[in-house]
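Okay, here's what each chain looks like letter by letter:
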Amino acid sequence: MAGILTKIFGDGNQKQVKRIEKQVDQIEALEPEMEKLSDNDLQMKTNEFKERIADGEDLDNLLAEAYAVVREASKRVLGMRPFRTQLIGAVALHNGNIAEMKTGEGKTLASTMPAYLNALSGEGVHIITVNDYLADRDAKVNGELFGFLGLTVGLNHNGLPKEDKRAAYQADITYGTNNEFGFDYLRDNMVLYKEQMVQRSLNYAIIDEVDSILIDEARTPLIISGSAKKSASLYQQADRFVRTLQIESDYTYDVKTKAVQLTEQGIDKAEKFFSIENLFDLSHVSLTHHINQALKAHVAMHKDTDYMVEEGEVIIIDQFTGRKMKGRRYSDGLHQAIEAKENLQIQNESMTLASITFQNYFRMYKKLAGMTGTAKTEEEEFRSIYNMDVIAIPTNQPVERDDRADQIYKTMEGKFKAVVNNIKERHEKGQPVLVGTVAVETSELISQMLKRAGVKHEVLNAKNHFREAEIIENAGQKGAVTIATNMAGRGTDIKLGDGVKELGGLAVIGTERHESRRIDNQLRGRSGRQGDPGISQFFLSMEDELMRRFGSDNLKAMMERLGMDDDQPIESRMVSRAVESAQKRVEGNNYDARKTVLSYDDVLREQREIIYKQRFEVIDSDTNLREIIINMIQSTVERIVGTHTQDNDEDNWKLDAIVEYVEGNLLEQGDITAAELKDKEAAELTGIIMEKVNGRYDAKEEELTPEQFAEFEKVILLRTVDTKWMDHIDQMDQLRQGIHLRAYGQNDPLREYQMEGFTMFEEMIASIEEEVSRYVMKAQIQENLQRQEVVKNTQAVSGGGEGQKKKSRKPIVKNNTVGRNDPCPCGSGKKYKNCHGKQ
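Each value, and the rule that gives it
- Residues numbered from 1 in each chain as written.
- Predicted model: local features only at pLDDT ≥ 70, side-chain atom pairs only at ≥ 80, totals over all residues.
- Heavy atoms only, no water.
- UniProt positions renumbered as here; feature names shortened; annotations may be inferred.
- Helix = DSSP H or I, 4+ residues; strand = E, 2+ residues; numbered from the N terminus.
- Expected span 1.5 Å × (residues − 1).
- Bend = angle between axes of the 7 residues up to and from the residue.
- Buried < 20%, exposed > 50% of the residue type's maximum accessible area, 1.4 Å probe, protein only.
- Polar contact = N/O pair within 3.5 Å; in protein donor to acceptor, adjacent residues only side chain to side chain.
- Pairing = 2+ DSSP bridges.
- Axes fitted to C-alpha atoms, helices over the stretch in contact; angles between N-to-C directions.
- Parallel < 35°, antiparallel > 145°, perpendicular 65-115°, else oblique.
- Left-handed = near helix turned anticlockwise from the far one by under 90°.
- Contact = heavy atoms within 4.5 Å.
- Nonpolar A, V, L, I, M, F, W, Y, C, P; charged D, E, K, R; others polar.
- Patch = residues over 30% accessible without salt bridge, like charges linked within 9 Å, V, L, I, M, F, W, Y side chains within 5 Å.
- Areas by Shrake-Rupley, 256 points an atom, 1.4 Å probe, with all protein chains shown as cover.
- Salt bridge = Lys/Arg side-chain N within 4 Å of Asp/Glu carboxyl O.
- Lys, Arg positive; Asp, Glu negative; His and termini not counted.
- Charge placed at Lys NZ, Arg CZ, Asp CG, Glu CD.
- Core = buried A, V, L, I, M, F, W, Y, C linked by side-chain atoms within 4.5 Å.
- Domains from an automatic or database assignment.
- pLDDT = per-residue confidence, 0-100.
- Phe/Tyr/Trp six-rings, centres within 6.5 Å; stacked < 30°, edge-to-face > 60°.
- Lys NZ or Arg CZ within 6 Å of the ring centre and 35° of its normal.

By the naming in an unreviewed UniProt entry, the chain is Protein translocase subunit SecA, taken from Oceanobacillus sojae. Reading the Subunit (unreviewed entry) entry of the UniProt record for the chain gives the comment "Monomer and homodimer. Part of the essential Sec protein translocation apparatus which comprises SecA, SecYEG and auxiliary proteins SecDF. Other proteins may also be involved." According to UniProt, the comment filed for the chain under the heading Sequence similarities (unreviewed entry) is "Belongs to the SecA family."

**A short note on helix 8 (residues 132-148)**
Taking 1.5 Å per residue as the helical rise, helix 8 with its 17 residues ought to reach 24 Å, and the 24 Å between its terminal C-alpha atoms agrees with that figure. Of all the bends in helix 8, the largest measures some 35 degrees and sits at Asn142. Buried residues of helix 8: Tyr133, Leu134, Ala135, Asp136, Asp138, Ala139, Asn142, Gly143, Leu145, Phe146 and Phe148, and no others. Put simply, Asn131 is the residue that caps the front of helix 8, since its side-chain oxygen is 3.2 Å from the backbone nitrogen of Tyr133. Positive backbone phi, at 90 degrees, marks Gly150, one or two positions downstream of helix 8.

**Some points on the sheet that holds strand 9 (residues 307-310)**
In a beta sheet, neighbouring strands pair by backbone hydrogen bonds and run either parallel or antiparallel. In space, the three strands of this open sheet follow the order 9-10-11, with antiparallel pairing throughout. The open sheet has two free edges, formed respectively by strand 9 and strand 11 (324-325), since each of these has just one partner strand. Note: strand 9 against strand 10 (residues 313-317), four bridges, orientation antiparallel. When the sheet's bridge partners are listed, Val309 is paired in strand 10 with Val314.

**A word on the packing of helix 5 (residues 59-77) against helix 7 (residues 107-119)**
At a minimum axis distance of 9 Å, the contact between helix 5 and helix 7 shows a crossing angle of 130 degrees. Our classification of the angle between helix 5 and helix 7 gives oblique. At the point where helix 5 passes helix 7, the crossing takes the right-handed sense. Touching Leu59, Leu62, Leu63, Ala66, Tyr67, Val69, Val70 and Ser74 of helix 5 are Leu109, Thr112, Met113, Pro114, Tyr116, Leu117 and Asn118, all from helix 7. Looking at the contact of helix 5 with helix 7, its residues break down into twelve nonpolar, three polar and no charged.

**Regarding the side chain of Glu339**
Note that Glu339 resides in helix 15 (residues 334-341). Its relative accessible area of 3% is what places Glu339 among the buried residues. If we ignore the near neighbours within four places in the chain, the residues touching Glu339 are Val314, Arg329, Leu344, Gln345, Ile346 and Gln347.

**Describing a negative patch on the surface**
Together, Asp647, Asp649, Glu650, Asp651, Asp679, Glu681 and Glu684 give the surface a local cluster of negative charge. Relative to the elements of secondary structure, Asp679 occurs in the loop between helix 27 (674-677) and helix 28 (682-701). Taking the relative accessible area as the measure of exposure, Asp679 reaches 66% and is therefore exposed.

**Regarding the pattern of salt bridges**
Inspection of the entire model under this criterion finds 56 salt bridges. Taking the shortest distance from any N to any O, the salt bridge between Glu28 and Arg71 comes out at 3.2 Å. A residue pair is termed long-range when its members are at least 10 positions apart, and Glu28 in helix 2 (residues 12-29) and Arg71 in helix 5 qualify at 43 residues. The class for Glu28 is partly exposed, based on a relative accessible area of 25%. Ionic pairing is found between Asp722 and Arg615, a salt bridge with its closest N-O pair at 2.8 Å. Taken together, the residues Asp722 in helix 29 (residues 706-739) and Arg615 in helix 24 (residues 573-620) connect sequence positions 107 residues apart. For the pair Asp722 and Arg615, one class covers both residues: buried. Salt bridges sharing common partners tie together Glu21, Asp25, Glu28, Glu31, Glu35, Asp39, Arg71, Glu72, Lys75, Arg76, Arg81 and Arg84.

**Quick look at the sheet that holds strand 13 (residues 367-372)**
The seven strands are arranged 3-4-2-5-13-1-14 in an open sheet whose pairing can be described as parallel. Edge positions in the sheet fall to strand 3 (153-156) and strand 14 (390-392), since each of these pairs with one other strand and no more. Across the sheet, the mean angle separating the axes of adjacent strands is 20 degrees when strand polarity is ignored. Sheet analysis places strand 3 next to strand 4 (residues 173-177), joined by four bridges and oriented parallel. The residue of strand 4 that forms the bridge with Asn156 is Gly176.

**Some remarks on the side chain of Glu381**
Topologically, Glu381 is positioned in helix 17 (residues 379-386). The residues contacting Glu381, other than those within four sequence positions of it, are Ile215, Tyr386, Tyr591 and Arg594.

**A look at the packing of helix 24 against helix 30 (residues 749-778)**
The N-to-C vectors of helix 24 and helix 30 enclose an angle of 20 degrees; their axes lie 9 Å apart at closest approach. In terms of axis orientation, helix 24 runs roughly parallel to helix 30. In this structure, the crossing between helix 24 and helix 30 has a hand that is right-handed. For the pair helix 24 and helix 30, the contacting residues are Ser599, Tyr600, Val603, Gln607, Ile610 and Ile611 in the first and Pro749, Leu750, Tyr753, Gln754, Gly757, Phe758, Phe761, Met764 and Ile765 in the second. Of the residues contributing to the contact of helix 24 with helix 30, the split by class is eleven nonpolar, four polar and no charged.

**Quick notes on the environment of Asn474**
Secondary-structure assignment places Asn474 in helix 20 (residues 465-474). The spacing of Asn474 and Leu496 is 22 residues in sequence and 8.5 Å in space, taken between C-alpha atoms.

**Brief notes about the nonpolar core**
Core analysis: the largest hydrophobic core is formed by 93 residues, its most contacted members being Leu186, Leu214, Phe362, Phe382, Ile633, Ile658 and Val693. Top element by residues in this core is helix 29. It accounts for twelve residues. Domain assignment of the residues forming this core places at least three in each of domain 1 (10-223 + 359-392) and domain 4 (605-742 + 749-778). If sequence neighbours within four positions are ignored, Leu186 has contacts with Leu222, Ile224, Ala354, Ser355, Ile356 and Tyr612. Within the second largest apolar cluster, 53 residues are counted, among which are Met34, Ala66, Tyr67 and Val70.

**Quick notes on the UniProt feature "binding site: ATP" (unreviewed entry) in the chain**
When the UniProt feature table is mapped onto this chain, "binding site: ATP" (unreviewed entry) is found at Gln86, Gly104, Glu105, Gly106, Lys107, Thr108 and Asp493. Its place among the elements puts Glu105 in the loop between strand 1 (98-100) and helix 7. The contacts of Glu105, once residues within four sequence positions are left out, are Thr85, Gln86, Pro394, Thr395, Asn396 and Gln530. Relative to the helices and strands, Gly106 resides in the loop between strand 1 and helix 7. Gly106 has contacts with Gln86 and Met101, leaving out every residue within four places of it along the chain.

**Description of unusual backbone geometry**
At Gln530, a residue that is not glycine, the phi angle is positive and equals roughly 50 degrees. Tracing the backbone shows Gln530 in the loop between helix 21 (517-524) and strand 21 (534-541).

**Remarks on helix 15**
Because an α-helix completes one turn every 3.6 residues, residues spaced three or four positions apart along the sequence face the same direction. Where burial is concerned, most of helix 15 is hidden: eight out of the eight residues are buried. Its buried side turned inward, helix 15 meets helix 12 (232-242), helix 14 (285-299), strand 9 and strand 10. Downstream of helix 15 by one or two residues, Asn343 has phi in the positive range, about 55 degrees.

**Digging into the pairing of strand 12 (residues 352-357)**
Summarising burial for strand 12: five of the six residues are buried, a large majority. Relative to strand 12, strand 6 (residues 221-225) is paired through five bridges, and the arrangement is antiparallel. By the bridge assignment, Leu222 is partnered in strand 12 with Ile356.

**Quick notes on the environment of Leu704**
Structurally, Leu704 is set in the loop between helix 28 and helix 29. Residues Leu704 and Ile781, spaced 77 residues apart in sequence, show a C-alpha to C-alpha distance of 8.2 Å.

**Details of the confidence of the model for the chain**
Looking at the chain, the pLDDT average stands at 84 and 85% of residues meet or exceed 70. Within the model, pLDDT remains below 50 along residues 825-829, and this stretch shows five contacts once partners closer than five positions in the same chain are excluded.

**So, the packing of aromatic side chains**
Tallying each qualifying case throughout the model produces 17 aromatic pairs. Where Phe49 meets Tyr116, the ring centres are 6.4 Å apart and the plane angle is 75 degrees; that geometry is what we call edge-to-face. Highlighted residues: Phe49 in helix 4 (residues 39-54) and Tyr116 in helix 7, separated in sequence by 67 residues. For the pair Phe49 and Tyr116, a shared accessibility class is recorded, and that class is buried. For the ring pair Phe709 and Phe712, a centre distance of 5.4 Å and an interplane angle of 45 degrees mean the geometry is tilted. Of this pair, Phe709 and Phe712 are both found in helix 29, three residues apart, which corresponds to roughly one turn of the helix. Taken individually, Phe709 and Phe712 each receive the classification buried, so the pair is uniform in this respect. Counting every residue linked through ring pairs, the aromatic cluster contains Tyr185, Phe358, Tyr361, Phe362, Tyr365, Tyr612 and Trp725. Here the basic side chain of Lys367 rests over the ring of Tyr204, its NZ or CZ set 4.8 Å away from the ring centre. Positioned above the aromatic ring of Tyr775, the side-chain terminus of Arg774 is 5.6 Å from the ring centre.

Here's what the structure looks like:
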């Protein structure tokens, strides 16, 4: 059926290749002209191209000339002339697609042409590899070519100092691993000063082994984590203090908004209890937060109504259903405050500061391309998620490899015996053998069996990338036997040694089918490069995981009925097709899982982009942030006014509660009265309050130079946003872990996650606005303010790998300050807080 449809409508891949070949004809037509140019004239072409781009010429118009220049330079510098098939792959890469090029077809050289062309715009090109060895190798080799043409090359690897990283990213073309590029993006969005950022905007990336990075590792989150930001003892101290307070005299409680706040008397008590001069000093932000949360835990959160205690844990009670919400925790330290209140063990807080998946990181590039030997089986996923077509590039020479039918044995023991016998037989005649295994345990088992059989071999466990490349490169030598996991050695060619072609080339033996056809194809593709001979064959058993999962019982019963013993394999194309069908089902399941993960991650992605964009605007600003902060205060005031003026009867409006909030958080006592607000519209109330806030803001601005005040604003904004965002990530993670249970209530978990995630994000924004408003209007301003990381000793972790610790910043050196209750130094006789220390 498929063949008939192809005849009627044509093969889509063939059509794309034919279109590209027209451009390749133009490149090849320019070869005689380029050959005549001197080295200097060839090098001058780079400046010519840059000038034409500056004059508005499109990169697509330059493609043929630029590729012809790189091709000629490659002949002169590297001694390699790209084949026509490599030119086809290079055009596919420039168009933002995936070039599927078989092993040994020269993907690395093909990538030099689109990298050169896209680097001419000056916006940077990133070439992503799967390990540091390949990044280092390609940067050195291709660096010679790019250097000859006047472009700079950077190498970005783990552990580089920030200055070196910044220099690597400023280069025209930057090589590095997927992990390092992703972590640099996250770190850049945690810096305190713009000058600490290393990456430029994400312009164009070419991903080598694109299926490994965007499919196999798609769900791997990159996580920046840190050590505990709040100690358990501080929760306990705040809890002990709060137990000494009395309502009305020491704190006020607004039942409607569940807002609890200290009175002036309560603030004095706190300063005495903790032996500090000024609770609103910026150095006491953390303490103030702990006191506020302890107050909320004692006054606003009620046992067996809002939460319950079960087996030493605080369990949240859903306010709508009354059900227990196991696994969920209150954010912002409230859960820990309740644990302190109930004399329970205080659990560690979430330490995730920032995270992103590869799917979402790479989708941020303006243009994305990739290359691999195996991508066609995942074509639908690449198109729907990354908007990239997979273009199968013809091989330079026909593939001569003999792909033999699978041999299926009754038991694993019989299979491994047959594998060892096959290896021994080939080894004795000198034919090199590459044995592919799915698991490390399998490779160790075969290694033991080969040792007993007296067959010398190498085992590749991928612990050392440099050793890995060396083993793979020697795997094609006469008599070599190499046992490796199926994915090992990606990006490194196995070249045949002298006399190996005559022995039949490299023999690839698979000991088990992987659940993905693509991985099996990758293993087969290690043999038969560039028209070399070779063979590939898989040995399976009825006890293999894939066979057990997909109905091998009938086949196993048939083998027993026929009296087949463990030495007799079934070699059948029909069985191979059944295995392939099982693989397709697994691939479909895995694709659905990745798509679901992406749908959930997209909720956090949208939120992350908003926060990171606004955070960058703060650190990038050269002027003060008054407009941003006044807008935050206005939103806060509008919410408070709206909450207390909902009743249609103005006599029932809670004007005292509004005054209480404004005095406690924005103005001083006596700055505003309920009488001033009486008989006014709700909008007028906001206007009256904001007029006084602006006046207070003017007075605060005059206390410091414009530069110092702008820094004061940035300190408060960055600290608040970073703290709240970190708590929000934790809360979203907890929500996601339990959201699938909503399906039992006939609710769509994803829809529920989207709605609740949006509500939580809105609440976080409101919380940021409220906290920034309070600290800007109430904090005592210091002249020696420094921005501080919310969490020190951070670690970068990918899928459980080892992290890299960051150096912690030096502590703030605090000047001596006048206590709020001390006599004012001006000599007025008043307390400092009532004179020049007015907030």
